[in-house]
Amino acid sequence: MGNGIRKKAGGVLATAILATVLVGVAPAHAASTRAEYIGQVDPICQASVAPMATAASAYKRNYKRWVRLLFHGTANAWVKQTGRTARSLSQLNLVHAAVTNQIAAVPPLASDAGMIGTWLNDRRQAEAFSSSAAAAFGRFKFDRFDKKLRRADAADRAGVMTIAGFGFQVCGASV
């Protein structure tokens, strides 16, 4: 399989994952209670569990292969794997962003708007850092990659901490 075909296959995978996340979630309407809001948002997170796991698995698999090639492969194979790994992190980030956008489309109660806004902002910051990390990895700037990925993880954890105890069953985990 040629390199161009592999790139297209990776793009098809990302599109399929995003379509899976976006399909099957009812359109949002303004919730009148927190329980109703949770009832609208938790299914979005639930629908994203499998696509997130698939994208995360692809990234981890590519990263492990990258490490293996670093020590036991040719320079050319390692360089190609660097690109694959960066693309797989970008695809994981796209799935995360699609979930954030779906959640943001559901208006929270006015009393919860500050907390939900902070949570969504933390998710968006995590996405921005992760995007920067993927770009740095693809440009062989591994110190910058590490720094940005740590900041993405910290922002994601901060978001989860923000909504801890809110009542989510699925969204309360890092999704």
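Residues numbered from 1 in each chain as written. Predicted model: local features only at pLDDT ≥ 70, side-chain atom pairs only at ≥ 80, totals over all residues. Heavy atoms only, no water.

A short note on the overall build of the protein chain
Definition in use: Helix numbers and strand numbers start at the N terminus; a helix is a DSSP run of H or I with at least 4 residues, a strand a run of E with at least 2. Relative accessible area decides the class of each residue, using a 1.4 Å probe on protein chains only: under 20% of the type maximum gives buried, over 50% gives exposed, and in between gives partly exposed. The contact definition used throughout considers only heavy atoms, calling two residues in contact when any of these lie within 4.5 Å.
Counting its secondary structure elements, the protein chain contains five helices and zero strands. Listing the helices and strands of the protein chain from first to last along the sequence gives α-α-α-α-α. Among the 175 residues that make up the protein chain, the fraction classed as buried is 41%. Nonlocal contacts in the protein chain, meaning residues at least 24 apart in sequence, comprise 74% of its contacts between residues at least 6 apart.

Remarks on the confidence of the model for the protein chain
Note the following rule: Confidence of the prediction at every residue is given by pLDDT, a number between 0 and 100.
On average, the protein chain scores 87 in pLDDT, and the residues at 70 or more come to 82%. Contacts for the low-pLDDT stretch residues 1-10, under 50 throughout, to residues beyond four places or in other chains number four contacts. The low-confidence segment residues 12-27, where pLDDT is below 50, has 23 contacts with residues more than four positions distant or belonging to other chains.

Comments concerning the pattern of salt bridges
Rule in force here: By convention in these notes, a salt bridge is any Lys or Arg side-chain nitrogen within 4 Å of a carboxyl oxygen on Asp or Glu.
Evaluation of the coordinates by the stated rule reveals two salt bridges. Asp112 is the partner of Arg34 in a salt bridge, and the nearest nitrogen-oxygen pair spans 2.7 Å. One end of the pair, Arg34, is in helix H2 (residues 34-72); the other, Asp112, is in the loop between helix H3 (75-104) and helix H4 (113-138), with 78 residues separating them in the sequence. The exposure class assigned to Arg34 is partly exposed, which follows from its relative accessible area of 31%.

A look at the packing of H3 against H4
Stated precisely, the cut-off is as follows: Inter-axis angles, ranging from 0 to 180 degrees, are taken between N-to-C directions of lines fitted to C-alpha atoms, where helices are fitted over the stretch in contact. Every angle not falling under 35 degrees, over 145, or within 65 to 115 is termed oblique; those three ranges are roughly parallel, roughly antiparallel and roughly perpendicular. By convention, the crossing between two helices is left-handed when the near helix turns anticlockwise from the far helix through less than a right angle, and right-handed when the turn is clockwise. When residues are grouped by polarity, Ala, Val, Leu, Ile, Met, Phe, Trp, Tyr, Cys and Pro land in nonpolar, Asp, Glu, Lys and Arg in charged, and all others, Gly among them, in polar.
Packing of H3 against H4 leaves a shortest axis separation of 9 Å and a crossing angle of 165°. It follows from the interaxial angle that H3 and H4 lie roughly antiparallel. In the crossing of H3 with H4, the sense of the turn from one axis to the other is left-handed. A per-class count over the contact of H3 with H4 returns 12 nonpolar, 10 polar and three charged.

Here we look at the packing of H3 against helix H5 (residues 142-162)
Running from N to C, H3 and H5 cross one another at 20°; their axes reach a closest spacing of 14 Å. When the interaxial angle is binned, H3 and H5 end up roughly parallel. Judged by the sense of rotation from one axis to the other, the crossing of H3 with H5 is left-handed. From H3, Trp78, Thr82, Leu89 and His96 reach across to H5, where they touch Phe142, Phe145, Leu149 and Asp156. Of the residues that constitute the contact of H3 with H5, the class distribution is five nonpolar, two polar and one charged.

Some points on a positive patch on the surface
In plain terms, the rule: Patch definition: residues with relative accessible area over 30% and no salt bridge; like charges joined within 9 Å; nonpolar side chains (Val, Leu, Ile, Met, Phe, Trp, Tyr) joined within 5 Å. Residue exposure ignores everything except the shown protein chains as possible cover, and the areas themselves are Shrake-Rupley values with a 1.4 Å probe. For this count, His and the chain ends are skipped, Lys and Arg are scored as positive, and Asp and Glu as negative. By convention, the charge on Lys lies at NZ, on Arg at CZ, on Asp at CG and on Glu at CD.
A surface patch of positive charge is lined by Arg139, Lys141, Arg144, Lys147 and Arg151. If you trace the backbone, Arg151 turns up in helix H5.

Comments concerning unusual backbone geometry
In this model, Phe140 sits at a positive phi of 65°, which is unusual for a non-glycine residue. With relative accessibility at 37%, the residue Phe140 sits in the partly exposed group.

Brief notes about the state of the cysteines
The line we're drawing: Note on disulfides: each one is a pair of cysteine sulfur atoms within 2.5 Å.
All chains considered together, the criterion is met by one disulfide. Note that Cys45 is cross-linked by a disulfide to Cys171, the S-S spacing being 1.9 Å. Since a negative S-S torsion denotes a left-handed disulfide, the Cys45-Cys171 link at about 100° is right-handed. Here Cys45, found in helix H2, pairs with Cys171, found in the segment after H5; they are 126 residues apart in sequence, far enough to count as distant.

Brief notes about the side chain of Thr100
By the secondary structure assignment, Thr100 is in helix H3. The exposure class of Thr100 is buried, given its relative accessible area of 0%. Apart from the residues lying within four places of it in its own chain, the contact partners of Thr100 are Leu120, Arg123, Arg124 and Glu127.

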